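Read off the chains here:
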Amino acid sequence: MNETTHTNDRYVSFVDIDCESRVDGCIERIRACIEHNTNPSPLHDYVATKLAETEARGQDGLYLIGSQVNVLRELFEHHHDDAGLHLLECIELECC
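How each quantity is defined
Residues numbered from 1 in each chain as written. Predicted model: local features only at pLDDT ≥ 70, side-chain atom pairs only at ≥ 80, totals over all residues. Heavy atoms only, no water. Core = buried A, V, L, I, M, F, W, Y, C linked by side-chain atoms within 4.5 Å. Buried < 20%, exposed > 50% of the residue type's maximum accessible area, 1.4 Å probe, protein only. Helix = DSSP H or I, 4+ residues; strand = E, 2+ residues; numbered from the N terminus. Contact = heavy atoms within 4.5 Å. Axes fitted to C-alpha atoms, helices over the stretch in contact; angles between N-to-C directions. Parallel < 35°, antiparallel > 145°, perpendicular 65-115°, else oblique. Left-handed = near helix turned anticlockwise from the far one by under 90°. Polar contact = N/O pair within 3.5 Å; in protein donor to acceptor, adjacent residues only side chain to side chain. Salt bridge = Lys/Arg side-chain N within 4 Å of Asp/Glu carboxyl O. Expected span 1.5 Å × (residues − 1). Arc of directions from axis to C-beta.

**Things to note about the nonpolar core**
Core analysis: the biggest nonpolar cluster contains 20 residues, and Cys26, Ile30 and Ile65 have the highest contact counts within it. Take this core: its biggest share by element is seven residues, from helix H1 (residues 19–34). Those residues in contact with Ile65 that sit more than four places away from it in its chain are Val23, Cys26, Ile27, Leu72, Leu88 and Ile91.

**Observations regarding the packing of H1 against helix H2 (residues 43–56)**
Where H1 meets H2, the axes come as close as 9 Å, and the angle between the chain directions of the two elements is 140°. Classified by the angle their axes make, H1 and H2 are oblique. Relative to H2, H1 is oriented so that their crossing is left-handed. In this structure, H1 uses Ile27, Ile30, Arg31, Cys33 and Ile34 to contact H2, whose residues at the interface are His44, Val47, Ala48, Leu51 and Glu55.

**Section: unusual backbone geometry**
Of note in this structure, His80 is not a glycine but carries a positive phi near 55°. As for its position among the elements, His80 is in the loop between helix H4 (69–78) and helix H5 (82–94). Classification of His80 by relative accessible area gives exposed; the value is 66%.

**A word on the side chain of Thr54**
Inspection of the secondary structure assignment puts Thr54 in helix H2. Those residues in contact with Thr54 that lie beyond four places of it in its chain are Gln59, Asp60 and Leu64.

**Thoughts on the side chain of Glu94**
Structurally, the position occupied by Glu94 is in helix H5. Engagement of the side chain of Glu94 in a polar contact is seen with the side chain of Arg22, the distance being 2.4 Å.

**Regarding the pattern of salt bridges**
As enumerated under the stated definition, the model contains five salt bridges in all. Taking the shortest distance from any N to any O, the salt bridge between Arg29 and Asp81 comes out at 2.9 Å. Residue Arg29 is found in helix H1, and its partner Asp81 is found in the loop between H4 and H5; the two are separated by 52 residues along the sequence. One salt bridge in this structure joins Glu92 and Arg73, with 2.7 Å as the shortest N-O distance. Taken together, the positions of Glu92 in helix H5 and Arg73 in helix H4 put the pair 19 residues apart, joining distant regions of the chain. By relative accessible area, which is 27% here, Arg73 ends up partly exposed.

**A few points about H2**
For H2, with 14 residues, the first-to-last C-alpha span of 20 Å sits near the 20 Å given by 1.5 Å per residue. By the burial criterion, the buried members of H2 are Leu43, His44, Val47, Leu51 and Thr54. One face of H2 carries all of its buried residues, which in axial projection span an arc of 100°. Along H2, the residues that are exposed and aim more than 90 degrees away from the buried face are Asp45 and Ala56. Its buried side turned inward, H2 meets H1, helix H3 (61–67) and H4. Count one or two residues on from H2 and you reach Gly58, which has phi positive near 75°.

Written out as structure tokens, the structure is:
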């Protein structure tokens, strides 16, 4: 028998892709990074401002992540947050 490998493809369907949960997890990791005072980055204030603006406008977290993906990648790299980088990549590839 030939086993097939299932891969999620957002261009076919968002079925089985839990974007909301991924976005919530990524936002939590973003907050942890910007609150991390022992390893400050110039990105902290920028990302905190963008996060506050997104929330004030009633936009969802996916909007923030999609529009700030490169900045967020740099933030996660600064904090050596491999899990955050992986989550960001999954969101970018499967949810945006």
